[in-house]
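Observations on the three-dimensional arrangement
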Amino acid sequence: MPNQEDGSAVEQMALLLSCYISFLARTVVKVLFVCVCVCVYFIFLAGVGCNSVEKKIYVNLNYTVPCVRLLNATHQIGCQSHLSGNVGVLHVLESEENLDWVLHSGLTPPYLVILESSLFTRSIMMKLKNGSSRVAGVAVVTPNANPSQGTSPHTSCPNENTGVYTENYDPTMARCNVTVWNPLGTGLSYEEFDFPIFAMKEDNDTQVIRQCYMDHNRAGNGSTPQYPLCAMQLYSHMSAVTDTATCMRRNNINFSLSPEMVCDPLSDFNVWASTRPLNNTAKGHKEGESVVLAAARLDSRSFFFDIAPGAESGVSGFVALLAAAHALRNATQEAPPPRNILYAFFHGETFDYIGSSRMVYDMEKNNFAVDLDNIHSVLEVGQVGLHAESRLWLHSDPVSRKNSSVNEELILRLQSAASGLNVSVEEPGFSQPLPPSSFQRFLRARPIPGVVIEDHRSAFTNSFYESMYDNAEYLNISYPPDLTPDEQLEYVTDTAKALTEVATVVARTLYIQAGGAESRLGSINADPQMVTRILYGFLVRSNNSWFQQLIPSDLMYSYLWVQGAAPPNSTERVGFCMRSAARLSKALSPAFDLHEYTSKDYSTWTESRWKTIKGRIFLVASHELEVNFWASPAPRRLLGGASFCPPL
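Per an unreviewed UniProt entry, the protein goes by the name Nicastrin and belongs to Cyclopterus lumpus. According to its UniProt record, the protein has this under Sequence similarities (unreviewed entry): "Belongs to the nicastrin family." Comment text from UniProt for the protein, heading Subcellular location (unreviewed entry), reads "Membrane".

To continue, consider the overall build of the protein. A tally of regular secondary structure across the protein gives 19 helices and 22 strands. Split into buried and exposed, the 648 residues of the protein put 52% on the buried side. A separation of at least 24 residues holds for 78% of the contacts in the protein among residues at least 6 apart in sequence. Carbon and sulfur atoms provide 51% of the accessible area of the protein, an area that totals close to 29,100 Å².

Moving on: the packing of aromatic side chains. Counted by the stated rule, this structure contains 23 aromatic pairs. Considering the side-chain rings of F193 and F195, the 5.8 Å spacing of their centres and the 50 degrees angle between planes classify their relative orientation as tilted. For the pair shown, F193 and F195 are each scored as buried. An aromatic cluster is defined as three or more aromatic residues linked by ring pairs; in this entry it consists of F120, F193, F195, F303 and F304. For K201, the ring lying beneath its charged end belongs to Y63, and the centroid distance is 4.6 Å. Against the face of Y235 rests K614, its NZ or CZ located 4.9 Å from the ring centre.

Linking two cysteines covalently through their sulfur atoms gives a disulfide. For the structure on display, the rule yields four disulfides. The disulfide bridge from C67 ends at C79, spanning 2.1 Å between sulfur atoms. Taking the sign of the S-S torsion, about 90 degrees here, the bridge from C67 to C79 comes out right-handed. Residue C67 is found in the loop between β2 (65–66) and β3 (70–71), and its partner C79 is found in the loop between β4 (76–77) and β5 (86–92); the two are separated by 12 residues along the sequence. With a relative accessible area of 0%, C79 lands in the buried category. Here C247 is linked by a disulfide to C263, with a sulfur-sulfur distance of 2.0 Å.

So, about the packing of helix α8 (residues 311–327) against helix α14 (residues 494–513). Orientation of α8 relative to α14, taken along the N-to-C sense of each, is 55 degrees, at an axis distance of 8 Å. By the angle between their axes, α8 is oblique relative to α14. As α8 runs across α14, the sense of the crossing is right-handed. Contacts between α8 and α14 involve S316, V319, A320, L321, A323, A324 and A327 on the former and, on the latter, L499, V502, A503, V506, A507 and L510.

Taken in spatial order, the eight strands make up an open sheet running β16-β15-β17-β14-β12-β13-β11-β20, and their pairing is mixed. Lying at the two open borders of the sheet, with one neighbouring strand each, are β16 (424–426) and β20 (583–588). For this sheet, the mean inter-axis angle between neighbouring strands, taken without regard to orientation, is 25 degrees. As paired strands, strand β12 (residues 291–297) and strand β14 (residues 375–381) are joined by five bridges and run parallel to one another. Bridge assignment links V292 to a residue of β14, and that residue is S377. Here α8 sits on the sheet in contact with β12, β13 (340–346) and β14, set at roughly 145 degrees to β12. The strands that helix α10 (residues 354–364) touches are β11 (267–274), β13, β14 and β20; relative to β20, the one it contacts most, it runs at about 105 degrees.

The rules behind each value
- Residues numbered from 1 in each chain as written.
- Predicted model: local features only at pLDDT ≥ 70, side-chain atom pairs only at ≥ 80, totals over all residues.
- Heavy atoms only, no water.
- UniProt positions renumbered as here; feature names shortened; annotations may be inferred.
- Helix = DSSP H or I, 4+ residues; strand = E, 2+ residues; numbered from the N terminus.
- Buried < 20%, exposed > 50% of the residue type's maximum accessible area, 1.4 Å probe, protein only.
- Contact = heavy atoms within 4.5 Å.
- Areas by Shrake-Rupley, 256 points an atom, 1.4 Å probe, with all protein chains shown as cover.
- Phe/Tyr/Trp six-rings, centres within 6.5 Å; stacked < 30°, edge-to-face > 60°.
- Lys NZ or Arg CZ within 6 Å of the ring centre and 35° of its normal.
- Disulfide = S-S within 2.5 Å.
- Axes fitted to C-alpha atoms, helices over the stretch in contact; angles between N-to-C directions.
- Parallel < 35°, antiparallel > 145°, perpendicular 65-115°, else oblique.
- Left-handed = near helix turned anticlockwise from the far one by under 90°.
- Pairing = 2+ DSSP bridges.

Structure follows, in structure tokens:
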């Protein structure tokens, strides 16, 4: 047991600890040094563990999703913190007019601003960016329900510099001169912020933060808040800076046996399959092989890393195409059409068409199972969530279709395939460029006939394009109350029914386009049960019993072992071997193979690496107390030596 003198020392140490709080985490050196001082003292003099001291100081936030740094050929975008994190006094922003406290009149800067999602606008964020010397960071509270008004942090003209429309290909249609596809786009995702911006769920953490602010920081009756104040620290330091060329060069600088990478090219895999197997060993042109390419994109993004459901922008299209492929399984086996159907799901399309440009590049270099000469036509399924009405719009390129009768045939076949279904198919009725689509990258290589199916006639009907609100709720996916997860998995929603109609149109069109007999169209129908399961898995709950059956136990090859279903009253799954024509191909921009990091023809996007992503709150003491404390010799006597814990 400590004696009375030790107890007095512990009390003094508590005072020392409270004074240290105000500058904890300003730099890594300070943090480490303070922790060492505090821990050594408590371990040897007070017998208290260091972990318990830290827990008494900090409240760690359980759910924090950052905005991260991305780079391309010319600049960097996104957010980051200092190496030791950014610390600021909490301020809950109640309105845009309340910004004056943060930017000018508040007496305890820098501030870490808590924003409700309704205030996460370009206007407010740009004001905070321009006043960043007084802003330590921003935390956005994401709501449990979508906002009533649409918003998109993407640009108003997605992928405007890497599509087909350039100075060399109908410049009058370049840069959205005819149609602004994403009129709600604010471009916020493409701004650079020199402070961290995190998303937080509306949960217990946010309640603790609000209460801490109300108890310590909120000024009342014109008075100034008194110390100690509630503060927050956000860690999201990014290793890469400047642009892609700079970070790739630094990746190649070896100062040690284990060099540290600072950035990585954005990359993944395209997924492709065909109704008849293609010899993937012999690359390049296949004599006598004619292929109808059916395409959809796989990816999406939002302002915040890893919150990108992409329900309308991505999921609706690839679910419709997956269901169409499933619907064609029997017809293509029982009465194979003369042409092959190649299903391609492209990754990285949001970032200047990474996946599609890679496939085109590989076809041109004879490094794919077929080449561009083998492609008869393209049918791409885009955003098909069918929000406003059950109507699909058929978009084609006004330049290439002038000399192509295949385009006209494809459009007529789409209209014929919709006959008798609860969805109509129409052309926009006026000349405009293709919407942002993978098909544009094929047109850059050669004038291939093709059509892009969308649910919008001109500008997007998607009110939350590339935002965290483009989710299951936005697609109106809902379930009756009290259903178990397995019951929800099987419940056919209205959205699933609508997408089933779209998938049926796509399947029937592909079969006719490949040369199949029209007499078989009535037997080609997408399965609503399949559609509802896929939607549930991608947008509601990925960890479900149906997905578990399909997960391969190894990488995807021509033959793969899947886990299978568990028999009744058993937890042991019955696996089996399945033959599949599905394959993976690299979705890495050719710019990185060519080492052309300033390329204007290919995507040059990279993502910075980082080490720590976290947030925490604590009480911070006055800076004046810091100064007065270190001016006193008492702490040196308390610690038993003038040189043990000097001022930092």
